[in-house]
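# Survey of secondary and tertiary structure
Residues per chain are reported as follows:
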Amino acid sequence: SLPTTAPADARVYFIEPADGATLGGPVRIVFGLSGMGVAPAGTQVEGTGHHHLLVDGPAVDVTQPLPASGQVIHFGKGQTETMLELAPGTHTLQLMFADWKHQPFNPGLASETIRITVK
């Protein structure tokens, strides 16, 4: 099915952690969203969607619903934050916002990729 169109002013970003942060685990990750609302997966309401967290740069096909994996974490209940256990070392994180069927919006709604270090 075709991707849902995102509002032109919509954006997705990290509230926490900051890019470049060094943290102990588990890592608290807080998702930011403006210009749209959050709704659980399967809830088809215009102007809403739900978050997905991409860990360590998985390859995803943005023309298809996002798969669920250890690197593509779905927040289909409409969650806006999580506690994530990550192995010590450097990791990249990116948020991708998708519609009720886990399909990324068009134009894509993704945050900048941030890099954190877990102690």
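Coordinates for the structure precede this section.
Reference entry: report on the structure contained in this document. (Residues numbered from 1 in each chain as written. Predicted model: local features only at pLDDT ≥ 70, side-chain atom pairs only at ≥ 80, totals over all residues. Heavy atoms only, no water.)

### Topic: the overall build of the protein
Broken down by element type, the protein carries 0 helices and 10 strands. The helix and strand sequence of the protein, counted from the amino end, reads β-β-β-β-β-β-β-β-β-β. Here the protein has a C-alpha radius of gyration of 14 Å; the compact-globule value for 119 residues is 14 Å, and the two agree. Along the three orthogonal principal directions, the C-alpha set of the protein runs to about 40 × 25 × 20 Å. (Helix = DSSP H or I, 4+ residues; strand = E, 2+ residues; numbered from the N terminus. Rg over C-alpha atoms; globule rule 2.2 N^0.38 Å.)

### Describing the pairing of strand E8 (residues 89-98)
E8 sits mainly inside the fold: 8 of its 10 residues count as buried. In terms of strand pairing, strand E5 (residues 48-55) meets E8 through 6 bridges, oriented antiparallel. Counted as the bridge partner of His52 is Met96 from E8. When E8 meets strand E10 (residues 114-118), the two strands line up antiparallel, connected through 5 bridges. (Buried < 20%, exposed > 50% of the residue type's maximum accessible area, 1.4 Å probe, protein only. Pairing = 2+ DSSP bridges.)

### Structural notes on the environment of Glu81
Along the chain, Glu81 falls in strand E7 (residues 81-84). A relative accessible area of 36% means that Glu81 is categorised as partly exposed. Each C-alpha atom, one on Glu81 and one on Phe14, is 9.8 Å from the other, the two residues being 67 residues apart in sequence. In contact with Glu81, not counting residues within four places along its chain, are Arg28, Ile29, Val30 and Phe31. For Glu81, the side chain forms a polar contact with the side chain of Arg28, separated by 3.2 Å. (Contact = heavy atoms within 4.5 Å. Polar contact = N/O pair within 3.5 Å; in protein donor to acceptor, adjacent residues only side chain to side chain.)

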